[in-house]
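Below are the chains, spelled out letter by letter.
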Amino acid sequence: MRLLLTLFLLICSGCAVPPAPADPKAQSGHVAAAQINAPAFRLHIIEARGITIPPTAIERTLRTLRPYFVGPIEVIHHSPIPTADKTAGTFPILDGDRIVVSADLPETGPYRLATPNAGLVGAIGMPSSDGETEFTSLLPLIEPGVALVAITPGPEDGRGVTGYASLAARDPDQAMIRGLVVMHDSVIRRRSNWFMPRSKLYQWTLTHELGHVLGVPADRSHIRTVPGLGGNHCTHPECVMYTGVDWRVVVSGLLHGWPMDFCTVCQDEVRSARMTPAAGASSE
């Protein structure tokens, strides 16, 4: 009864829904200043054959994110790859017409593309867990100001997360950063409905995962951990970086619509890392 009364008062007053408690064990991070302050932010998008992200989802995400960057956002669309399994959990790295595989990696250092492609410059291997010299997977090697987005078929049963942000290696220091976004078409289709159409859920997922690439939320004061969905999510339900379905996000959605942009706290974090165009790029 008390919860119902609280919801009624919130709806009648039009107030913002109170944030969820911050995770007391959360650690503060850093906004990805090198991404925000690059002369141009280059977004590589590759789709498995037969799977296409709705153009309106990309357009609306770009419209939301443009004000947070010093330079323009450039979108590089790659031709669909022949088979879907090539994008299973990663971004395929092409050198000319050939997909780079672990056997191509030198014994030391990264594999360098013969012709770098808009900030995508090579690949680096992740060693196997048993300590052998074989590599279990490849990570893209990217310059600052680059993010890679792979649209994959996703699990056959359509269960799991709509997308996630993963690691890439940053050239020239090869430090591991979040620069890779993987989106699961089957999960997005399964969770789409009249309230959240497929195009809108694609937009939310892309904006949310690129928020992880940018490093928000950064301060532990508004970071929450969601069971099964991990940490580094915002405590404010009106934020695109909030995740999970609970009473806060439902009431906030009724009051203000489904969140498609950063909350004011996350916005302030991004803007605090933003430099003037004349100042050039910053390091993270």
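As a reminder, the structure under discussion sits directly above these lines.
Owing to the predicted nature of the structure, the values given are computational and were not obtained by experimental measurement.

**Q** Please explain the overall build of the protein chain as it appears in this structure.
**A** Helix and strand content of the protein chain: 7 helices and 12 strands. Sorting the 284 residues of the protein chain into buried and exposed places 49% on the buried side. Contacts in the protein chain between residues at least 24 apart in sequence constitute 68% of all its contacts with a sequence separation of at least 6. Put simply, the protein chain shows about 13,800 Å² of open surface, and 56% of that area lies on carbon and sulfur atoms.

**Q** I'm lost on the pairing of strand β9 (residues 163-170) in this one. Help?
**A** Look at any regular strand and the pattern is simple: side chains alternate between the two faces of the sheet. Taken together, the 8 bridges between β9 and strand β10 (residues 175-184) define a ladder with antiparallel strand orientation. Directly across from A165, in β10, lies its bridge partner V181. Hairpin connection from β9 to β10: 4 residues lie between these consecutive antiparallel strands, with Q174 at a positive phi of about 60 degrees.

**Q** How should the environment of G215 be read in this particular structure?
**A** Position of G215 relative to the elements: it lies in the loop between α5 (198-214) and β11 (223-226). Considered as a pair, G215 and H30 are 185 residues apart in the sequence and their alpha carbons are 6.1 Å apart. In contact with G215, other than residues within four places in its own chain, are H30, V31 and A32.

**Q** Whenever I open this one, the packing of aromatic side chains confuses me. Can you help?
**A** Here the distance between the centres and the angle between the planes together describe a pair of aromatic rings. Following the criterion strictly, the structure yields 4 aromatic pairs and no others. When the ring of F195 is compared with that of W258, the centres are 5.8 Å apart and the planes differ by 80 degrees; the resulting orientation is edge-to-face. Of this pair, F195 sits in the loop between α4 (185-191) and α5 while W258 is found in the loop between α6 (247-256) and α7 (264-273), placing the two residues 63 residues apart along the sequence. For F195, a relative accessible area of 37% translates into the label partly exposed. Overall, the relative accessible area of 22% leaves W258 in the partly exposed class. Among the aromatic residues, ring-to-ring pairing joins W194, F195 and W258 into one connected group. Over the ring of Y242 we find R224, and its NZ or CZ is 4.2 Å from the ring centre.

**Q** How should the pairing of β10 be read in this particular structure?
**A** Burial of β10 is extensive: 7 of the 10 residues sit out of reach of the surface. Note: strand β8 (residues 146-152) against β10, 5 bridges, orientation parallel. By the bridge assignment, A150 is partnered in β10 with V182.

**Q** Just checking my understanding: could you explain the pattern of salt bridges for this structure?
**A** A pair can form between side chains of opposite charge whenever their charged atoms are brought close. Tallied over the entire structure, the rule returns 7 salt bridges. Close ionic contact of D104 with R98 constitutes a salt bridge, the shortest N to O distance being 2.7 Å. Using a relative accessible area of 24% as the deciding quantity, one classes D104 as partly exposed. Residue R98 is classed as partly exposed on the basis of its relative accessible area of 38%. Here R198 and D185 are joined by a salt bridge, their closest N and O atoms 3.3 Å apart. On the criterion of sequence distance, the pair formed by R198 in helix α5 and D185 in helix α4 is long-range, its members being 13 residues apart. A relative accessible area of 6% places D185 in the buried class. Counted as one network, the salt bridges with shared partners bring together D185, R189 and R198.

**Q** Which parts of the structure should I look at to understand helix α3 (residues 55-65)?
**A** Owing to its 3.6 residues per turn, the α-helix brings residues three or four apart onto one side. Within α3, burial applies to A57, I58, T61, L62, T64 and L65. Buried residues of α3, viewed axially, fall in a sector of 160 degrees; they line one side. Exposed residues lying more than 90 degrees from the buried face of α3 are P55 and R63. Looking at the buried residues of α3, the elements they touch are β1 (41-47), β2 (73-77) and α5.

**Q** What am I meant to see in the environment of A38 here?
**A** Along the chain, A38 turns up in the loop between α2 (33-36) and β1. In this structure A38 comes out as buried when scored by relative accessible area, which is 4%. Measuring from C-alpha to C-alpha, the distance between A38 and I73 comes to 9.9 Å, with 35 residues separating the pair along the chain.

Conventions we followed
- Sequence order as written defines residue numbering, which begins from 1 separately in each chain.
- With pLDDT at 70 or above as the cut-off, local features in this predicted model cover only qualifying residues; side-chain atom pairs require 80 or more to be listed or tallied, and sums for whole chains, interfaces and linings still use all residues.
- Side-chain figures throughout are based on the complete set of non-hydrogen atoms in the structure, without hydrogens or water.
- Only DSSP runs of H or I with at least four residues qualify as helices, and only runs of E with at least two residues qualify as strands; both kinds are numbered from the N terminus onward.
- In this scheme, a residue with accessible area under 20% of its type's maximum is buried, one over 50% is exposed, and one in between is partly exposed, where area comes from a 1.4 Å probe on protein chains only.
- In this analysis, two residues are considered to be in contact whenever any of their non-hydrogen atoms come within 4.5 Å of each other.
- Here the open area of atoms and residues is found with the Shrake-Rupley method and a 1.4 Å probe, where only the protein chains shown may cover a residue.
- Two strands pair under a simple rule: DSSP has to find at least two bridges between them.
- Pairing of aromatic side chains here covers Phe, Tyr and the six-membered ring of Trp, requires ring centres within 6.5 Å, and sorts the geometry by plane angle: under 30 degrees stacked, over 60 edge-to-face, intermediate tilted.
- Charge-over-ring contacts are defined here by two conditions on Lys NZ or Arg CZ: a distance within 6 Å of the ring centre and an angle within 35 degrees of the ring normal.
- Each reported salt bridge corresponds to a side-chain nitrogen of Lys or Arg within 4 Å of a carboxyl oxygen of Asp or Glu.
- Arc definition: it is the arc formed by the directions from the helix axis to the C-beta atoms.

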